[in-house]
Amino acid sequence: MTTAPPAGPSPAAPPRPSTPLFAPSPTSSARPEAPPLPPVRRTPLVVSGLLAAALTAYVWSAHGAKPGVLLLLGLGLGLALFHSRFGFTSAWRQLVAVGNGSGLRAHALLLGTTATLFALVIGTETGLFGSQPAPSAGPIGVGLFAGSALFAIGMQLGGACASGTLFAVGSGQTSIVLTLGGFVAGATLAAWQFDLWKDLPAWEPVVLSEHIGWFGSWAVTIAALLLVVLVSRRIQARRNPPPLGAVPSARRAAVRAVRGSWPLAAGALALAVLGAGVLLVSGGAWGVTSAFSLWGSELVGALGGHPENWTWWQRPGNAEMLAGPVLADKTSLTDIGIMIGAAVAASLGGTWALHRGIPWRTAVAAVLGGVLMGIGARLAGGCNIGAYLAGIASGSLSGWLWGAFALAGTWVGLKLRPLFGLGNPKPNHGANASRGDGTET
């Protein structure tokens, strides 16, 4: 006969280690080493460099210093976007699919830095070239909710957001050229059919600075962004996702700054400064998609149509945009600059390449995704840059709502991607797809 040991308290489970606030969030394995940089692509570098110089000289001489500076800012945005592979599509995809919040935390840094600079510029009414800086805010209603969700579905199918589409096209990603074509078509279609959706129910914009001043608006925005960071870290710690893959880079910092990949944080800071520069020079926040409606409408006019008769182009400000030269339009200049700047950066990094043999389902998804983004951006009053980034940085409630509905649209987009042969991040894989490979921007 054996005697049972006396009952006692069971041993306590070891406490879960806490993660310091500024330490990297955990992943299921270490991030792989970055592959070495390939040689510089000399021909694309010479072509894109000469194009940048010639276009800057022409714009400066034909339209003046202000458009010339905007083009230069666009070139800088393209360099920063490509070097950091800073995207929105992959950040939301990684968060929703496997809980990796590193991209969303980079968004928070970009948003917080931009909000700080916007508060300084707009709050002090500082502008260059006689501009009067103003916050970016949109009405809150059905168009915002439906448009941002449609946009997010489109970017998951098309493989890139608005800014990501531009820098991916510049870096030679052939499938994203199809996305850009669909984007222009969708934005033009929405402008043509403006009468169908212009009266959707909506409330007036809500801008925090009008109620609690610029300092109060900035403080509330920063507090909300810190909460986003904390929640994303908690989600990542619980789901323990695979790390992001690595892109080609260099070991020496000096070479990495010119040719290699930048940390997301460096890209966020550079984009915030350049975006604030656009506000200083033009008086309006950095945007992307209004140019797509303009380019498509100009094409319609060249083919014998009359877009000037559309209600969209008869609105205040839009008529002047359509009547003026494309190379004097603020958003067209920064968009074109982004594509050329990304081409220069990709050529220096040795990664510029045209991809051939696109699967037909991928091509269909690219065009369809672009069309949905074009329509969604017009319905929502902007894209991930003009509505989400500029809205939140301006202390506008519309920017936060755009982001919330875009997250919901991302979930839908992830469900649709396999229908077109597109994969999603998996929690049991190794390193997930790298930043900015043309399908991860």
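This structure is a prediction, so every number in the text was calculated from the model and none was measured.

So, about the packing of aromatic side chains. Applying the stated rule across the entire model yields 17 aromatic pairs. Considering the side-chain rings of Phe 88 and Tyr 388, the 6.1 Å spacing of their centres and the 85 degrees angle between planes classify their relative orientation as edge-to-face. Residue Phe 88 is located in the loop between helix 2 (65-84) and helix 3 (89-98), and its partner Tyr 388 is located in helix 16 (residues 384-393); the two are separated by 300 residues in the primary sequence. Across the pair, exposure class does not vary: Phe 88 and Tyr 388 are buried alike.

Turning to the confidence of the model for the protein chain, a few remarks are in order. When pLDDT is averaged along the protein chain, the result is 91; 92% of the residues meet or exceed 70. When pLDDT is averaged over each helix and strand of the protein chain, the minimum, 81, is found for helix 10 (residues 253-258) and the maximum, 98, for helix 5 (residues 142-158).

Once that is clear, we can look at the side chain of Ser 396. Mapped onto the fold, Ser 396 is located in the loop between helix 16 and helix 17 (397-416). Residues contacting Ser 396, with those up to four places away along its chain left out, are Ser 136, Ala 137, Gly 138, Val 206, Val 207 and Gly 391.

This paragraph deals with the packing of helix 12 (residues 290-302) against helix 14 (residues 330-348). For the pair helix 12 and helix 14, interaxial distance at closest approach is 8 Å and the crossing angle is 95 degrees. In terms of their interaxial angle, helix 12 and helix 14 are classed as roughly perpendicular. From helix 12, Ser 290, Ala 291, Phe 292, Leu 294 and Trp 295 reach across to helix 14, where they touch Thr 331, Ser 332, Asp 335, Ile 336 and Met 339. Here the residues of the contact of helix 12 with helix 14 sort into six nonpolar, three polar and one charged.

Right, let's talk about the pattern of salt bridges for a bit. Evaluated as defined, the whole model comprises one salt bridge. Across the salt bridge formed by Lys 198 and Asp 195, the nearest N and O atoms sit 3.4 Å from each other. Judged by relative accessible area, Asp 195 falls into the partly exposed class, the value being 45%.

So, about a nonpolar patch on the surface. Taken together, Leu 227, Val 231 and Ile 235 make up a surface patch of nonpolar side chains, about 240 Å² in accessible area. Among the structural elements, Leu 227 can be located in helix 9 (residues 209-239).

Mapping Val 220 onto the fold places it in helix 9. Given the relative accessible area of 41%, Val 220 is considered partly exposed. Val 220 sits 85 residues away from Gly 305 along the chain, and the two C-alpha atoms are 48 Å apart. Setting aside residues no more than four positions away along its own chain, Val 220 makes contact with Leu 208 and Ile 212.

Okay, the nonpolar core next. Of all hydrophobic cores here, the largest spans 80 residues; its most connected members are Phe 86, Phe 151, Trp 286, Phe 292 and Trp 402. Among the nonpolar cores identified, the runner-up in size contains eight residues, and Phe 118, Val 121, Leu 279 and Ala 390 belong to it.

This next bit is on the packing of helix 4 (residues 102-123) against helix 11 (residues 264-282). Packed helices, taken two at a time, are described by the angle between their axes plus the distance between the axes. Contact geometry for helix 4 and helix 11: axes closest at 9 Å, N-to-C directions at 30 degrees. Here helix 11 runs roughly parallel to helix 4, going by the angle between their axes. Crossing angle aside, the handedness with which helix 4 passes helix 11 is right-handed. Between helix 4, through Ser 102, Gly 103, Ala 106, Leu 109, Leu 110, Thr 113, Thr 114, Leu 117, Phe 118, Val 121 and Ile 122, and helix 11, the contact on the second element is made entirely by Leu 264, Ala 265, Ala 268, Leu 269, Leu 271, Ala 272, Val 273, Gly 275, Ala 276, Leu 279 and Leu 280.

Procedures and definitions
- Positions within a chain are numbered from 1, following the residues in the order the chain's sequence is written.
- pLDDT decides what is reported in this predicted model: residues at 70 or higher carry local features, side-chain atom pairs at 80 or more are listed and counted, and totals for whole chains, interfaces and linings draw on all residues regardless.
- Hydrogens are left out, water is left out, and the side-chain values use all remaining heavy atoms of the structure.
- A pair of aromatic rings is counted whenever rings of Phe, Tyr or Trp (Trp by its six-membered ring) have centres within 6.5 Å, and the orientation is called stacked for planes under 30 degrees apart, edge-to-face for over 60 and tilted otherwise.
- Working definition: helices are DSSP H or I runs of at least four residues, strands are E runs of at least two. Numbering for both runs from the N terminus.
- Each residue gets one of three labels from its accessible area relative to the maximum for its type: buried under 20%, exposed over 50%, partly exposed in between, using a 1.4 Å probe on protein chains only.
- Per-residue confidence from the predictor is reported as pLDDT, a score between 0 and 100.
- In this description, contact between two residues means that some pair of their heavy atoms is separated by no more than 4.5 Å.
- The axes are straight lines fitted to the C-alpha atoms, using for helices just the contacting stretch, and the angles between their N-to-C directions are given from 0 to 180°.
- Each angle is binned into one of four classes, with values under 35 degrees roughly parallel, values over 145 roughly antiparallel, values of 65 to 115 roughly perpendicular, and all other values oblique.
- Ten residue types, Ala, Val, Leu, Ile, Met, Phe, Trp, Tyr, Cys and Pro, are classed as nonpolar, four, Asp, Glu, Lys and Arg, as charged, and the remainder, Gly among them, as polar.
- Salt bridge criterion: a side-chain nitrogen from Lys or Arg within 4 Å of a carboxyl oxygen from Asp or Glu.
- Here, patches come from residues exposed beyond 30% relative accessible area and free of salt bridges, joined within 9 Å for like charges and within 5 Å for nonpolar side chains (Val, Leu, Ile, Met, Phe, Trp, Tyr).
- The method behind every accessible area is Shrake-Rupley, applied with a 1.4 Å probe, and residues are considered shielded solely by the protein chains displayed.
- Among buried residues, the Ala, Val, Leu, Ile, Met, Phe, Trp, Tyr and Cys ones that are joined through side-chain atoms within 4.5 Å form a nonpolar core.
- A crossing counts as left-handed when the near helix is turned anticlockwise from the far one by less than a right angle, and as right-handed when that turn is clockwise.

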